[in-house]
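Residues per chain are reported as follows:
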Amino acid sequence: MRKIIVLFMLTTFIHNSFAQFVFQPNYDENKVPQFVLPNVLETFNGKEVKTVKEWEDERRPELLDFFTQNVYGEIPGKLAITSFEIVEQSNDAIEGKAKRKQIELTFEKNGKELSFNVLLYLPKNVIKAPVFIGYNFYGNHTVSSDTQIIVSDAWSRNNDSYGITNNQLDEQSRGASANSWAVEKMIDAGFGLATIYYGEVDPDKNDMTDGIHSLFYTEGQKAPANNEWRSIAAWSWGLSRALDYLEMDADVDASKVIVFGHSRLGKAALWAGVTDQRFAAVISNNSGCGGAALSKRKFGETVWRINNNFPHWFCDNFKRYSNNEEQLPVDQHALLALIAPRPLYVASAEDDEWADPRGEFLSLHYATPVYQLYNKEGIKNIEMPGINQPIQNTTAYHIRTGKHAVTDFDWEQYIKWAKAQLF
Ligand code: GTR
């Protein structure tokens, strides 16, 4: 038996190393394969969709079902907030311009329990504030040097530059990602910020026994079924539950909550925006493969590579499309179209080839016909705009100079666009 296991592990290792070698990422536009992009306005049965009603009654549900069953995974039930507690609050945050609240949301099911914390900053001079909501990668205390932010004790990925070596967060990383969170700019513009450490909802590792999934398990179950959620859908679920809380907070205008995410958390933000239409607008920052980028271009990160490197992100059924993008009856432009008619911003970075900026742009371009059904202005031009030259309609796009990150430039655009779209 042992020999068989060793042999199996050895073959898997050789197979994976071989595949990593053979399937080198492509960064050459001339080597992008020819592909047919499914028409967002034609049903799987070939029926042309001409009205909002046909879109909402026929096409939208079948696309949503496809992405649920084959890409992000279905949530095997419902789970509302069992209780919440404002564990800390102050009227004197961000140079006295903001209120701060830290709210612990608790969920109970099948005798198990999970809690996660929302850090909320709200402008003091606004009665009911619109709010940007998004996850952070290394704990709420990293988004600002504010000494009152509680440090999470949840598992974290290690990161040398943050001084995280034993999967534990601590004081050392307080404020370490403040550059990615323009909190003061948001407050000055009249917006609040809600942020959550994603590791409290589901630790980002290939282990489906920790995090929120386990609350739904039947006895002895260790992993979700092939069509069920893994980490990305779990993170999206958490955003919706945080919105449930925001709906109860009298200081928040819950009809103006903009869901934001960077990279893997941009994938989660898009899926949250698709599955929960209460989010008033959606922002995808450098979300790449499995986010805004078209999979069929196979540029930079591919479906095979993402499923191989992060087997816990998408549902198991998505693995059928590893190195098999041709068989996908959808592409990510259809995911973006599911957000219509709500405002949607897709942003790329020039040096972030791994996330395929052109694929992100084209995806938004090809989602435009659905926005047009609602008489909303999408992105008609098939040519990408110049670097640092945002196009801001109901759908918006920019590609800025620099690398895979969230910068002040990005936030300045998001704030300006959100103001124009929501007020
Ligand atoms: C990369 C991954 C991307 C993106 C990124 C991130 O390793 O390949 O899909 O999600 O991580 O989240 O920073």
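Below, the structure is looked at part by part. Everything quoted here is computed from the prediction, not taken from an experiment.

On to the side chain of lysine 267. The topology assignment puts lysine 267 in helix α5 (residues 264-275). Nearest to the buried, unbridged lysine 267 among oppositely charged side chains is glutamate 301, at 4.3 Å. Polar side-chain contacts of lysine 267 include one of 2.7 Å to the backbone oxygen of serine 287. Discounting chain neighbours no more than four positions away, the residues touching lysine 267 are Ile232, Ser287, Gly288, Cys289, Gly290, Gly291, Glu301, Ile306, Trp313 and Phe314.

This brings us to the pattern of salt bridges. The final tally for this structure, using the stated rule, is 30 salt bridges. Taking the shortest distance from any N to any O, the salt bridge between lysine 298 and glutamate 326 comes out at 2.5 Å. A residue pair is termed long-range when its members are at least 10 positions apart, and lysine 298 in the loop between β7 (281-285) and α6 (303-309) and glutamate 326 in the loop between α6 and α7 (332-337) qualify at 28 residues. When its relative accessible area of 25% is taken as the criterion, lysine 298 is described as partly exposed. The structure contains a network of salt bridges with shared partners spanning Arg241, Asp244, Glu247, Asp276 and Arg278.

All right, on to the site of the ligand then. Around the ligand, the surrounding shell consists of Ser263, Arg264, Lys267, Glu301, Ile306, Phe310, Trp313, Trp354 and His404. Taking arginine 264, its side chain carries an N or O atom lying 2.5 Å from an oxygen atom of the ligand. Within the contact set of the ligand, an oxygen atom lies 3.3 Å away from a side-chain nitrogen or oxygen of histidine 404. Protein coverage of the free-state accessible area of the ligand, which is 320 Å², stands at 80%. Class assignment for the residues of the shell around the ligand results in 4 nonpolar, 2 polar and 3 charged.

A few words now on the packing of helix α4 (residues 231-248) against α5. Their axes nearest at 8 Å, the elements α4 and α5 cross at an angle of 60 degrees. If you check the angle between α4 and α5, you find them oblique. Every pair of crossing elements has a handedness; the one defined by α4 and α5 is right-handed. In this structure, α4 contributes Ile232, Ala233, Trp235, Ser236 and Leu239 to the contact, and α5 contributes Arg264, Leu265, Lys267, Ala268, Ala269, Trp271 and Ala272. In terms of residue class, the contact of α4 with α5 is made up of 9 nonpolar, 1 polar and 2 charged.

This part takes up a nonpolar patch on the surface. Taken together, the side chains of Phe84, Ile86 and Met248 define a hydrophobic patch exposed on the protein surface, amounting to about 270 Å² of accessible area. Mapped onto the elements of the fold, methionine 248 is located in helix α4.

Before going further, it helps to spend a moment on the packing of aromatic side chains. If you walk through the whole model with that rule in mind, you get 29 aromatic pairs. With a centroid separation of 5.7 Å and an interplanar angle of 75 degrees, the aromatic rings of tryptophan 181 and phenylalanine 260 are classed as edge-to-face. Highlighted residues: tryptophan 181 in the loop between β4 (129-136) and α3 (183-188) and phenylalanine 260 in strand β6 (residues 252-262), separated in sequence by 79 residues. With relative accessibility at 8%, the residue tryptophan 181 sits in the buried group.

What counts and how
Residues numbered from 1 in each chain as written. Predicted model: local features only at pLDDT ≥ 70, side-chain atom pairs only at ≥ 80, totals over all residues. Heavy atoms only, no water. Helix = DSSP H or I, 4+ residues; strand = E, 2+ residues; numbered from the N terminus. Buried < 20%, exposed > 50% of the residue type's maximum accessible area, 1.4 Å probe, protein only. Lys, Arg positive; Asp, Glu negative; His and termini not counted. Salt bridge = Lys/Arg side-chain N within 4 Å of Asp/Glu carboxyl O. Polar contact = N/O pair within 3.5 Å; in protein donor to acceptor, adjacent residues only side chain to side chain. Contact = heavy atoms within 4.5 Å. Near = heavy atom within 4 Å. Areas by Shrake-Rupley, 256 points an atom, 1.4 Å probe, with all protein chains shown as cover. Nonpolar A, V, L, I, M, F, W, Y, C, P; charged D, E, K, R; others polar. Axes fitted to C-alpha atoms, helices over the stretch in contact; angles between N-to-C directions. Parallel < 35°, antiparallel > 145°, perpendicular 65-115°, else oblique. Left-handed = near helix turned anticlockwise from the far one by under 90°. Patch = residues over 30% accessible without salt bridge, like charges linked within 9 Å, V, L, I, M, F, W, Y side chains within 5 Å. Phe/Tyr/Trp six-rings, centres within 6.5 Å; stacked < 30°, edge-to-face > 60°.

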